[in-house]
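Letter by letter, the chains look like this.
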Amino acid sequence: MISSKAKYALRAATVLAERYSEAGWMPTAAIAEREAIPRKFLEAILVQLRDNGLIDSRRGSLGGHRLAREPASISVADIMRVVDGPLALTPCASVTRFRLCVDCGDVNACRLRHLMREARDAVAGVLENCSLSSLAWPNGEPVSDGLPQPAE
């Protein structure tokens, strides 16, 4: 099940995706107020996203947060993995953090592993193919508003 922390991270990142073409920094307080996320909780989430290279942060009166790269290049799976860890239901089905299940004697003889791997692949397929762009603009990219584009 997706955690509240991951939902908040996705909502905050979607707000930053909407502002991406403006090349501006968005303060934590503005994101927290807009999305009704407790500010202290959001601060911890944004630090985690920054430490994993998904957003940039800057201190000061003109500071705040912005996406580190284009919204189309950041998937929902990227954010969920940073916040909640692997997408798999069992550790032995994980592609990114495989490990043996504590209660499993032989991973090759496990009757559930194949099903858990299939479930993981289905979930990953959906989440990896959904970008922040598609969350921010479900009907397609916005028309250019004439604002300066961020430097690459």
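A brief look at the structure comes next. (Residues numbered from 1 in each chain as written. Predicted model: local features only at pLDDT ≥ 70, side-chain atom pairs only at ≥ 80, totals over all residues. Heavy atoms only, no water.)

1. Concerning the pattern of salt bridges
Side chains that differ in charge, positive against negative, can pair when their charged atoms come close. Across all of its chains, the model carries 11 salt bridges by this definition. When the shortest N-O distance is used, the salt bridge between Glu35 and Arg34 registers 3.6 Å. On the basis of relative accessibility, which here comes to 18%, the residue Glu35 falls in the buried class. Between Glu43 and Lys40 there is a salt bridge whose closest N-O contact spans 3.6 Å. Of the two residues, Glu43 and Lys40 both sit in helix H3 (residues 39-51), three residues apart, roughly one turn of that helix. (Salt bridge = Lys/Arg side-chain N within 4 Å of Asp/Glu carboxyl O. Buried < 20%, exposed > 50% of the residue type's maximum accessible area, 1.4 Å probe, protein only. Helix = DSSP H or I, 4+ residues; strand = E, 2+ residues; numbered from the N terminus.)

2. Quick notes on the packing of helix H2 (residues 28-35) against H3
The N-to-C vectors of H2 and H3 enclose an angle of 120 degrees; their axes lie 10 Å apart at closest approach. Considering the angle they form, H2 stands oblique to H3. Considering only the axes of H2 and H3, their crossing is right-handed. Side by side, H2 and H3 meet where Thr28, Ala29, Ile31 and Ala32 of the first sit next to Arg39, Leu42, Glu43 and Leu46 of the second. Partitioned by chemical class, the residues of the contact of H2 with H3 number five nonpolar, one polar and two charged. (Axes fitted to C-alpha atoms, helices over the stretch in contact; angles between N-to-C directions. Parallel < 35°, antiparallel > 145°, perpendicular 65-115°, else oblique. Left-handed = near helix turned anticlockwise from the far one by under 90°. Contact = heavy atoms within 4.5 Å. Nonpolar A, V, L, I, M, F, W, Y, C, P; charged D, E, K, R; others polar.)

3. Looking at the side chain of Ser75
Tracing the backbone through its elements, the reader meets Ser75 in the loop between strand E2 (64-67) and helix H4 (76-84). For Ser75, a relative accessible area of 10% gives the class buried.

4. Quick word on the packing of helix H1 (residues 4-18) against H2
Where H1 meets H2, the axes come as close as 10 Å, and the angle between the chain directions of the two elements is 115 degrees. Classified by the angle between their axes, H1 and H2 sit roughly perpendicular to one another. Judged by the sense of rotation from one axis to the other, the crossing of H1 with H2 is right-handed. On the side of H1, the interface is formed by Arg11, Ala12, Val15, Leu16 and Glu18, while H2 contributes Ile31, Arg34 and Glu35. When the residues that make up the contact of H1 with H2 are grouped by side-chain class, the tally is four nonpolar, no polar and four charged.

5. Examining the environment of Arg59
Within the secondary structure layout, Arg59 lies in the loop between strand E1 (55-58) and E2. It is 10.0 Å that separates the C-alpha atoms of Arg59 and Trp25, two residues lying 34 residues apart in sequence.

6. Some details on the nonpolar core
Within the largest apolar cluster, 33 residues are counted, with the highest numbers of intra-cluster contacts made by Ile31, Leu42, Leu46, Leu49, Leu67, Ile79 and Leu132. Contributions of two or more residues to this core are made by H1, H2, H3, H4, helix H5 (113-128) and helix H6 (132-136). With nine residues, H1 is the largest single contributor of residues to this core. Setting aside anything within four residues of it in sequence, one finds Leu46 in contact with Ala12, Thr28, Ile31, Ile55 and His65. (Core = buried A, V, L, I, M, F, W, Y, C linked by side-chain atoms within 4.5 Å.)

The values are spatial; any link to function lies outside them.
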